[in-house]
Structure formats: structure tokens, C-alpha cells
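A structural walkthrough
Now for the letters of each chain:
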Amino acid sequence: TIMTALYFHALRAEDRVAVKPHAGPVLHAIQYLAGQQSLEKLQNYRGYGGAQSYPSRTKDGAFVDFSTGSVGLGVAQTLFAALVQDYVAARDAGTPMGRMVALIGDAEMDEGNIYEALLEGWKHDVRNLWWVVDYNRQSLDAMVREGLWARFQAMFAGFGWDVVVLRHGSLQMAAFAEPGGAALRDWIEACPNAAYAALTFQGGAAWRARLMADLGDQGAVSALLDRRSDDELAALMGNLGGHDLPALTAAFDAARAHDRPTLFLCYTNKGQGLPLAGHKDNHAGLMTPAQMALLRDRMGLVEGHEWAKWPAGSDAAQRLAEQAPALRPGRRKTAPVVPVPDALPVVAGRDKPMSTQMGFGLILNEIARDDSDFVRAIVTTSPDVTVSTNLGPWVNRRGLFAKGAVADLFRAERIPSTFNWAFAPQGQHLELGIAESNLFLMLAALGLSHAMTGRRLLPIGTVYDPFIYRGLDQLNHACYQDARFLLVATPSGVTLAPEGGAHQSIGTPLVGMAQDGLAAFEPAFVDELGVILRWAFDYMQRDGEAMADPATWLRDATGGSTYLRLSTRPQDQPLRDMSPALAEGIINGGYWLRPPGPNAEVVIAYQGAVAPEAVAAVAQLAGLRRDVGLLALTSADRLNAGWTAAQRAREAGVKGAKSHVERLLAAVPKDAGIVTVIDGHPATLAWLGAVQGHRVRSLGVEHFGQTGTIADLYRHFGIDTPAIVAAALALTPGRRHS
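So, a few notes on the structure that sits alongside this text. (Residues numbered from 1 in each chain as written. Predicted model: local features only at pLDDT ≥ 70, side-chain atom pairs only at ≥ 80, totals over all residues. Heavy atoms only, no water.)

1. Regarding the packing of helix α5 (residues 112–123) against helix α20 (residues 436–446)
Running from N to C, α5 and α20 cross one another at 75°; their axes reach a closest spacing of 9 Å. One finds that α5 runs roughly perpendicular with respect to α20. The residues of α20 that touch α5, namely those facing N113, E116, A117 and E120, are S437, N438 and L441. Looking at the contact of α5 with α20 residue by residue, the class counts come to 2 nonpolar, 3 polar and 2 charged. (Axes fitted to C-alpha atoms, helices over the stretch in contact; angles between N-to-C directions. Helix = DSSP H or I, 4+ residues; strand = E, 2+ residues; numbered from the N terminus. Parallel < 35°, antiparallel > 145°, perpendicular 65-115°, else oblique. Contact = heavy atoms within 4.5 Å. Nonpolar A, V, L, I, M, F, W, Y, C, P; charged D, E, K, R; others polar.)

2. Some details on helix α27 (residues 636–651)
The terminal C-alpha atoms of α27, which comprises 16 residues, lie 23 Å apart, in line with the 22 Å expected from a rise of 1.5 Å per residue. Just downstream of α27, G653 is the residue with a positive phi angle, here 105°. (Expected span 1.5 Å × (residues − 1).)

3. Overview of the state of the cysteines
For the structure shown, the criterion picks out 0 disulfides. Here C266 stays unpaired: no disulfide links it, and the sulfur of C191, its closest cysteine neighbor, is 20 Å away. Given the relative accessible area of 0%, C266 is considered buried. (Disulfide = S-S within 2.5 Å. Buried < 20%, exposed > 50% of the residue type's maximum accessible area, 1.4 Å probe, protein only.)

4. Details of the pattern of salt bridges
Pairs can form between side chains of opposite charge whenever their charged atoms are close. A full pass over the atoms with the stated rule returns 33 salt bridges. For R470, the salt bridge is made with E436, and the minimal N-O distance between the two is 3.5 Å. Note that R470 is positioned in the loop between β10 (458–463) and α22 (472–480) and E436 in helix α20, a separation of 34 residues in sequence. Judged by relative accessible area, R470 falls into the exposed class, the value being 57%. Put simply, D86, D125, R127, D259 and K403 are held in one network by salt bridges that share partners. (Salt bridge = Lys/Arg side-chain N within 4 Å of Asp/Glu carboxyl O.)

5. With respect to the pairing of strand β15 (residues 602–607)
Extensive coverage of β15 is indicated by the burial of 6 of its 6 residues. Burial along β15 is two-sided: the face carrying V602, I604 and Y606 and the face carrying V603, A605 and Q607 are both buried. Here 6 bridges tie β15 to strand β17 (residues 673–678), and the two strands are oriented parallel to one another. From the neighbouring strand, A605 faces β17, where its bridge partner is T676. Pairing between β15 and strand β16 (residues 629–633): 5 bridges, direction parallel. In the sheet register, Q607 faces β16, and the bridge partner there is L633. Between the parallel pair β15 and β16, the chain is carried across by helix α26 (residues 611–621), and the sense of this crossover is right-handed. (Pairing = 2+ DSSP bridges. Right-handed = clockwise from strand over helix to strand, strands pointing away.)

6. A look at the side chain of T95
Mapped onto the fold, T95 is located in the loop between α4 (73–91) and β2 (100–105). Looking at T95, its side chain comes within polar contact range of the main-chain oxygen of D92, at 2.8 Å. The contact partners of T95, leaving out residues within four places of it in the chain, are V88 and A89. (Polar contact = N/O pair within 3.5 Å; in protein donor to acceptor, adjacent residues only side chain to side chain.)

7. Some thoughts on the pairing of strand β5 (residues 262–267)
With respect to burial, β5 is a largely interior element, 6 of its 6 residues being buried. Neither face of β5 is exposed, since T262, F264 and C266 on one face and L263, L265 and Y267 on the opposite face are all buried. Inspection of the sheet shows strand β3 (residues 129–135) paired to β5 by 6 bridges, in the parallel sense. Among the inter-strand pairings, V133 is bridged to a residue of β5, identified as L265. With 5 bridges joining them, strand β4 (residues 162–166) and β5 adopt parallel strand pairing. Of the residues in β5, the one forming a bridge with D162 is T262.

8. A closer look at the nonpolar core
Grouped together as the largest cluster of nonpolar side chains are 83 residues, with contacts concentrated most on F80, W131, W187, M237, F485 and L487. Here this core gets 11 residues from one element, more than from any other, and that element is α4. Ignoring sequence-local partners within four residues, the contact set of L487 consists of L439, F440, L443, G461, V463, I468, L475, T562, Y563 and L564. F374, V610, A614 and A632 belong to the second largest nonpolar core, which has 72 residues in total. (Core = buried A, V, L, I, M, F, W, Y, C linked by side-chain atoms within 4.5 Å.)

9. Observations regarding unusual backbone geometry
P491 follows T490 through a cis peptide bond whose omega is 0°. With respect to the element layout, P491 can be found in the loop between β11 (486–489) and α23 (508–514). A positive phi angle is found at D482, which is not glycine, with a value near 65°. Within the secondary structure, D482 sits in the loop between α22 and β11. Relative accessible area serves as the criterion here: at 31%, D482 is assigned to the partly exposed category.

10. A few points about the side chain of T380
Among the structural elements, T380 can be located in strand β6 (residues 378–383). The contact partners of T380, leaving out residues within four places of it in the chain, are L391, W394, Q428, H429, L430 and I460.

11. Quick word on the packing of aromatic side chains
This structure, assessed with the given rule, holds 18 aromatic pairs. Centroid distance Y87 to F401: 5.1 Å. Interplanar angle 65°. Geometry classified as edge-to-face. Of this pair, Y87 sits in helix α4 while F401 sits in strand β7 (residues 400–401), and the two are 314 residues apart along the sequence. You can call Y87 buried: its relative accessible area is 0%. In this structure F401 comes out as buried when scored by relative accessible area, which is 5%. Their ring planes at 50° and their centres at 4.9 Å tell us that W131 and W161 sit as a pair that is tilted. Placement of W131 in strand β3 and of W161 in the loop between α6 (148–158) and β4 is noted, with a sequence separation of 30 residues between them. Looking at W131, the relative accessible area reads 0%, which means it is buried. (Phe/Tyr/Trp six-rings, centres within 6.5 Å; stacked < 30°, edge-to-face > 60°.)

Okay, structure coming up:
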């Protein structure tokens, strides 16, 4: 009933909805009636190629606005979608201001990320947001605690939301107006959740017995009950606000009169109208064929015609076309591609040691000097680590976003400060509180702006690399929806030595490899970073066919998001020209910094901040092993994905399929060994030996770090130069010195 009131009455074409996961079948049915879902997919619900169990914006078509499934995430994303709409509207006054709507289960409100988002919404004065709670008072395993609705009401009101409680339907309101109705209302509102659910399951006779036992001595109440049959009494007691179409449409119409965020608490019975309604085990309950037949008869359906739609030209079909703009085609918008420069600015001072984190900040600072369409499309966000992830120079030039201007008080008071924290509607940085969950949900909303608002944004989010773990579910949620963004995670690894284990990431390179929809890179040098950044801005805008590139066997034409794992470790930068071949190798995942000779006995392959140790190890091995090669890896993720895809292609009969990593390692003699080294889990690169059958020794970090100097920690974990040399010698025993 809630969804009927929304889709067939309340929603407008510019509104967007996140449907609770278990309401997916209802959404598919509405799609089908609106001509947005095929009968074949609906009949194949939960089958291979059929309608998805949980609504998916990438698999179920343009009618689905937000993918849901991981409870609470679709809810919170609507809040950030409303903020993104405000951001776009500040740049384009003609932006249609739609309602961002979430349909929520009451047990779903246990999810903590909802309240993190609620706080952020208050900070940003969120508007045009509706959260509709299906308050059936049942979760998967239990009944909801008594009085929870009052806690919701107080909490949301405290954050400036309107709270609308729809507890009683039209039948109940009419009964309350009868003699004895006030006593009945008091009884209903005092009845414990579990008792109400059990009586709903038991039906009209049980309702009558209980009400007569509790209220039957009052003549007016007894008469009220006697005027109704058992079936009529069951219908009356089941007529809660969330099941009453007039009550819902009136509430939604009233909320349309303003833009304040609104929480609708809609009382319902779980399984209303079904024989399992109210039973505590009904979450996974299945009806018998006989019960299904009874339901079909009660709904007036003819057996064999359950899938029949309203006839074309009928009153119902006409009303659907005229009165349900949210059901018309074209909900998902498109936006033109923002041209990306052929090359990003070259950072000055490359002749001095520099970290990739510093290089990131300097490149963005140089970009920010311009005012092109490309620069104006960039929007940055960070969970209270803007300065420490080197976004400060960008923010100084482009400003922070707020719907109203707020001056930097320190600057106004002439207090010296490195940063200018002025807020304005034209600011291009969205500052968040220290909650990584909110960062990834914000990136999801920003990364779908082209489809939601018709304006393309190029989002960049920065976070400390170890704290990616705190938002992994939200990151996966963003990627599952095909949101497009650049995630810059820094600082990373045990290279952040003095900070200790809590701030040192180990497994994030593996996250980058495993996460679908996310191309992961870990550059060692700033010129590599510049090439990758330029590629990422282009990659996030691609929307081509899923055709494999024969050079890499990656499906780059489809586009996606990018993850950069950066370091705070300054190191000497190579002074070299960025040739097309070198740039191609960087993007494809690796290149030879020192190609192996024809008689190579060992190759050192490194990724990221351990480049100096790898370079030094090669120098030491020069007199101990022949033709030593040095392989610079920028993306284990892309190398591994391309290799896997090429193998599949060969198995499918494409004999010439060869990936980038296969071509790189083809130059290495079969009897040579490979030592891999990374400031992260060694499994990131351990697979390299399987590409051409080489013996491999993989060095990396497997345990929580500790405080100390970089030298201390690299020595402790065995990723320093002596450890690399020792591994190379042990891998190639008995070899003659060159």
C-alpha cells in the first residue's frame, strides 16, 4: 500500500526512490505494470537472467534508482543524493528539485550508518528527503522493542525533521468516533507489539475474545464489537495507517507543501492479508498451493490470468499514463562527457625527493589554477582528513561548499593560517565528519549525479588507507551501483612507520584487486601518478560496450572507478620524458625500469613505496647474479585481471589472446626467479610466478605493524634491501657470479 501510494500518486518524474530490499517483488510488479519490466524476467524472478532478488540499478533497468540489498545503505544514500542535488542546483538554478525517498524496514533502522548519515544531513541542512518506515515491529528473529517509535520521533525531530506518525487507518478512525471508540483506541495503542502480532495471526475470533476479556464489560465497547463479524473485526484491527491508502496519500500530499526532511512512521502488520500475517516465523514463510489459490480468489483473479495487465485504453491504463509521472520512461538522465586534458600539469620541483601523496596535492593545486569545464566538474570530499591527505591547496583555490556563504573567521580576524576555510555555494569541496561510511555513500551519490541530475561530476574522495576497512560495505555498495569516482587512499602501509599498527594498512592492495568496478593503482613516482590521474578522470566517464582490449584483455571501454594507494614517503624522482609507451605501461599495470638481459637469473618486481629498496637491491645483485631485471608494477589489480581474462579467452578458442603481464614476463628466461616486494600483503604479487611458470619469492607485510622508523619496520618485516637480496640469492642457489 505504501508503494502504491508513492508510485501511483505521490511521486513526480524528478523524484528518486531507494526501495527496501524485501520490497523488491513489489517494485518489479510496478515496473511490469508500467511497461518497464518484461514478463519473462518477472516470471524468472531470482532465476539466472531474471529479475533480481534485491533491486539493482545495473541489472534491473533504468527504473531502479538505487541498488539495495545491504540494509541501511540505500537509505543513507538518499540523504547524500539530496545533498548532491543541492550541490548541482547551486550551479544550475534550473535543476528540478526532486524528493529523495527511502522505503525502510523498522528493523533496518538498527543499522548504524543511518545515524552517521543523519548527523551529516543536519550539518548540511539537508532538504527534499523522505524516509518512509514500514513499522511492522518485526525483525528476522524477534519483535521490535516497545516504544521504539517514540525514540525515532524524538531523535529525528531533534535533527530538524518533520515526523509524521500514521498509526491508524480510516476504518479505525471511524470506529474511534463511535461510542466506546476512545477505549478501543487506548487499548490498541497500549497493546504490546508481540501480542498485536499474535492476535493478527490468530484472526477475528481471537481478537473478539481478547477484546471482550479486556474491554467487554463496557457496554459501548461491547456494542461496537458486536456490530462487526469476526472477519470485519479482523479487518478493523488490521487497518493500521501503513495499510490505508487514503491516510498515506493525504500524508504525502501534505509533505509536498514544504521541502523539510520528513520521516513517515507507517504502522503495518508483517504479511498483511496473508495466512502467515503476524507470525513471528513469517520472514521466510511460504504459502501452500491451497493458500495461494485462496489468495487468488480473494483478489478476484482468474486462474491462468495472473499476469494479465490492464487492457490498453482502459481507465486504469489511462490513469497510469496521466497520473503517475514517476512511472514514465526516461527517469534516468544522461550527461555529456567532460573533456579531459591530454596531460595533467607537470609538478615543479621533481628534482627533489617527493612522496606520491605530496605529488597528488601539488597536481590538484596546479589543476585548480584553471577554470575550465574540466576543473569546474571536479568535486572533492573527505571525512575530516582534508589537510592530512593533501587536499588543502585545492580547497584553498576552489573553496568549500555550503548552501549559504560562511566566511573564514580566522582570516576575518587576521589570524595567520595556511588554509582558507571559506564556505560558499560555488565551493567545490564537501567537508564531512570523521565517518568513512559517509565518505563512500557520498562518493556513490556524487558518482551517479550524471544519471540522477543530468550534470556530470568528477568526484574525488580522500581517506586514510587503513580506514578503507571501516567503509568496505559502503564502498562495495557504491561500486555495485556503478557509481563513478576517484578514491585516493593515503597514507598507506607500514611506511607510515611512527604511527603504529592501527594506522598501517596490510590487506588494502588485496581489497583493490578483489573489488569489482574499481581499478586499483599504487604508483611509486609522481610522474606515474600524473598519468594515472589523467586516465582516471577519463575512465570514470566511459560507458561503452564490454569489449576486451586486445592489448590488455581488460574491458576498459565500460569505465569505472579508480583507487589510488599513495604514500607519505619522499623519494627521489626519475627525471624522464613521459613517452607514449611508458604511459601505456603505467596504465596497463607495469613496465621494465631495467629490462632483464637474455641470461637473466633473477628479476625484482616491486609495487609502490618500496621502490628505493628494490632499486638498491638490483644494484647489489649486479655482481652476484647475471642480467638482473627490475620490474616496476603500478597495478597488480589490472595485471591480474588482464591475465585472467586472456586465459579465459584462450580457453574459449582465441589462440592469440595475450595479456600485458604475459608480454612483460615473456622476456624472462624460464629458469630465472622472481622476487616480489610490496608494502602490503605479499599475496598481492605472489601469483606472478604462475604467469610463465617462474619460481617466486614474495616479500611483504603479513602482521600488524608497530612504531619505529621506516628502516626499523622494513627490516622487521623483511622488505628492506638486504632482505630482497637474500631472497634473490636463496631463490637462485648455486648460480655462478657474473
